[in-house]
Amino acid sequence: MMSIAREHELIPDDQYAEKESDGQDEAFMKQLVYDFLRLMKIALGIVSEDASNCYDRIAHPFCSLVFQAFGVAIASVIAMLSCIQRMKFYLRTAFGESPGFMTALLGTIIQGLCQGNAASPAGWSVVCAILLAAYNQGGHGAKIKPPIRGDNFETAGVLYVDDVDLFTMDATLDEEALWTEIQSSTLDWSGVLIGSGGTAKGEKCFGYLADYMWDESGQWHYIPPPTKPLVILLPDGTTEEITVLPCDVHQVTLGVASSPDGNNHHHLAAEGKARDKWKSIRTKAEVWVNRLKNAHLPSKYVWVSYRLQLWSSVRYSLGVLSARLKDMTELCPRFAFEVLPHLGINRRVRAGWRYMHSAFGGFGLLDLATEAVISQVNLFLQHWDNPAPIGKTLRACMQALQLQCGCRGCPLSERFYPMGELCDHSWVTSFWECVSAYSIMIELDYPDLPLPRANDQMIMQVAISLGYTLAQLRSVNRCRISSCSLFLSDIRAPSRVLLPI
């Protein structure tokens, strides 16, 4: 079934629980959409809906039709579903099997595909493909237009198993019309979910409205969350209100704490406890060190735990983060200082030797900033120029960054300071800072903008060459963006007179 679906490209690109993809790709796509709309100052609605007991609530009539539509023989469908409908479920423990069992009541049958069924993941995947196709019939989603070059494209959102984040963005809509569209898309998705036998779990659903306002100094801010209710549809026909959060409030999805403002401080350094289900990187390190102090392990086993236990969990989603380099650099030294004696290393050893590879005479500790840069480079090379929405969004973000900093070609070929300091916070800005700090050269097929006139110059390059301070450069850049200008010829009349901005 899945072979037929992949061969005919029936699984949408918005589904990330697929071959050669994982939860980090879903988180990365969501981060890029946040960044693009922040760089371009376009309003966006995000609604996260969590399907309740996704495998166990699939209705068999709907499931049977979907399986047959994807090429499964009717006899195979009947064989699997009839066994589930009439099964007797015993509970097996260390003390043996339970004498009693669970089965369908008289006159009823058991629905769902059951946890532990090898066909459940594939079954849910094709069911979601049909749900997304039905949802897209309503014209919902984010319509993304690359700011310089490239084809326009649309994305409904990101879906990973039972977690879905729906995007609503249309630059032609005002705030009132956008909120109406957000509510419509939310009801439509919960409606198609009910059609398959499922329902959204209200307490785990939430939404954002990322829109912008400017103060008298020209600085932008996010607007407060709207006071209007946002509701989902329930199977009995009623509605349930879900929370609309401010853009700086973090929520954890697929192990990554994120928010529309792009601040990853919560994922890096939020305080927590050992019993918490989700832990920040700082809390993971603190819990590991505290357990290590009570374990009294030999140094060789501490090294095994350090590399295979601690860093295996820290590395997850590290490349998705858009944190500044100094934030990641400040997080590591204190933790490294505490763990040195357990690794058999004298604490008086200078910091440089701690992180130097053993091949060069160092001790080979892992550095958070370095590991993050490695993960970012791998993620960038994996998705750049990919025809999927994640690759197109990454290129659109790079073009938006180019317009915001005012350079002629790819921003990665420029020095980060001072041009990078003029840009809004984003993943591509963080990536630019990291590759510049580590002197990593990335060559891309990224054509420069043609000069409108002979001997023309970029406005920001002229301002930098005049020795302006960072505050002055920010003022010039705000005026340049407001007037939609890049080159000197954009603000000069043919008579060489500067036009008023």
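Refer to the structure presented above.
As the structure is a prediction and not an experimental result, all values here were calculated from the model. Note on numbering: residues in each chain are counted from 1, in written sequence order. Where totals are concerned, whole chains, interfaces and linings use all residues; where local detail is concerned, this predicted model gives features only for residues with pLDDT of at least 70, and gives and counts side-chain atom pairs only at 80 or more. Only hydrogens and water are set aside; all other atoms, that is, all heavy atoms of the structure, feed into the side-chain values.

Q: Can you explain the sheet that holds strand E11 (residues 230–233)? Please cite residues and give values.
A: Two strands are counted as paired when DSSP detects at least two bridges linking them. Numbering of helices and strands runs from the N terminus, with a helix taken as a DSSP run of H or I at least four residues long and a strand as a DSSP run of E at least two residues long. Read across the sheet, six strands follow the order E6-E7-E1-E8-E12-E11 without closing on themselves; strand pairing throughout is mixed. Both edges of this open sheet fall to strand E6 (157–160) and E11, since each of them pairs with a single strand only. Between one strand and the next, the sheet's axes are offset by a mean angle of 25°, whatever the strand orientation. Contact definition: two residues touch when any of their heavy atoms are within 4.5 Å. Each axis is a line fitted through C-alpha atoms, taken for helices only over the stretch in contact, and angles between the N-to-C directions span 0 to 180 degrees. Packing of helix H6 (residues 175–195) onto the sheet brings it into contact with strand E1 (44–50), E6, strand E7 (163–168), strand E8 (206–210), E11 and strand E12 (239–245), and relative to E11 it is tilted by some 20°.

Q: Could you give an account of the nonpolar core, with specific residues and numbers?
A: Ranked by internal contacts, the top residues of the largest apolar core, which has 87 residues, are Trp288, Tyr306, Met328, Leu368, Phe380 and Met398. Among all residues touching Phe380, those that are not within four sequence positions of it are Leu394, Met398, Leu412, Trp427, Phe431, Ile442 and Leu444. Remark: nonpolar core denotes a set of buried residues (Ala, Val, Leu, Ile, Met, Phe, Trp, Tyr, Cys) joined through side-chain atoms within 4.5 Å. Only protein chains enter the accessibility calculation, which uses a 1.4 Å probe; a residue whose area is less than 20% of its type maximum is buried, one above 50% is exposed, and one in between is partly exposed. Of all hydrophobic cores here, the second largest spans 44 residues; its members include Ile58, Phe67, Leu131 and Ala200.

Q: Can you explain the packing of aromatic side chains? Please cite residues and give values.
A: Aromatic ring pairs are reported here in terms of the distance separating the ring centres and the angle at which the planes meet. Two rings belonging to Phe, Tyr or Trp (six-membered ring only in the last case) form a pair when the distance between their centres is within 6.5 Å. Interplanar angles under 30 degrees mark stacking, angles over 60 mark edge-to-face geometry, and anything in between is tilted. On inspection of all chains with the given rule, the structure shows 16 aromatic pairs. Consider the rings of Tyr212 and Trp220, whose centres lie 5.5 Å apart with planes at 75°: the pair is edge-to-face. For the ring pair Trp220 and Tyr222, a centre distance of 5.2 Å and an interplane angle of 85° mean the geometry is edge-to-face. We classify Trp220 as partly exposed; its relative accessible area is 22%. What makes Tyr222 buried here is its relative accessible area of 19%. An aromatic cluster is present here, built from Phe28, Phe380, Trp384, Trp427, Phe431 and Tyr446 joined pairwise through their rings. The ring of Phe337 is capped by Arg347, whose NZ or CZ atom sits 4.7 Å from the centre of that ring. Over a ring means this: the NZ of a Lys or the CZ of an Arg is within 6 Å of the ring centre and within 35 degrees of the ring normal.

Keep in mind that these numbers describe shape and distance, not what the molecule does.
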